[in-house]
Amino acid sequence: MSVGDNIKHGAEETVGKVKEGVGKATDNEKLEAEGQGDQAKANLKQAGDDVKDAFK
């Protein structure tokens, strides 16, 4: 995995955590769920890159 991809996925996960936190603080369930979804997507991308790297 390239360093750029690693940074990108980390940033996506961070944005998800912020959205989730703001959603919890404002009692906005939709924003909270969106943040959790963003985190899950970032984690899946990271896992996919790890699998690709394992077969190199």
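Above this text is the structure in question.
The present account deals with the structure reproduced in this document. (Residues numbered from 1 in each chain as written. Predicted model: local features only at pLDDT ≥ 70, side-chain atom pairs only at ≥ 80, totals over all residues. Heavy atoms only, no water.)

Let us look at the environment of A25. Relative to the helices and strands, A25 is located in helix α1 (residues 3-25). The exposed category is assigned to A25, whose relative accessible area is 69%. Separated by 25 residues in the primary sequence, A25 and D50 have C-alpha atoms spaced 34 Å apart. (Helix = DSSP H or I, 4+ residues; strand = E, 2+ residues; numbered from the N terminus. Buried < 20%, exposed > 50% of the residue type's maximum accessible area, 1.4 Å probe, protein only.)

This part covers the packing of α1 against helix α2 (residues 29-54). At a minimum axis distance of 7 Å, the contact between α1 and α2 shows a crossing angle of 160 degrees. Taken together, the axes of α1 and α2 are roughly antiparallel relative to one another. Crossing geometry of α1 relative to α2 is assigned as left-handed. Mapping the contact onto sequence places D5, H9, G10, E12, E13, G16, K17, K19, E20, V22, G23 and K24 in α1 and L31, E32, E34, G35, Q36, D38, Q39, A42, N43, K45, Q46 and D49 in α2. (Axes fitted to C-alpha atoms, helices over the stretch in contact; angles between N-to-C directions. Parallel < 35°, antiparallel > 145°, perpendicular 65-115°, else oblique. Left-handed = near helix turned anticlockwise from the far one by under 90°. Contact = heavy atoms within 4.5 Å.)

Under the counting rule described, the total for this entry stands at five salt bridges. For K19, the salt bridge is made with D38, and the minimal N-O distance between the two is 2.9 Å. With K19 in helix α1 and D38 in helix α2, the pair connects residues that are 19 residues apart, well separated along the chain. Classification of K19 by relative accessible area gives partly exposed; the value is 23%. When the shortest N-O distance is used, the salt bridge between E20 and K24 registers 3.7 Å. Highlighted residues: E20 and K24, both in helix α1, separated by four residues, approximately one helical turn. Residue E20 is classed as buried on the basis of its relative accessible area, which comes to 15%. Three or more residues joined by partner-sharing salt bridges are found here, namely K19, E34 and D38. (Salt bridge = Lys/Arg side-chain N within 4 Å of Asp/Glu carboxyl O.)

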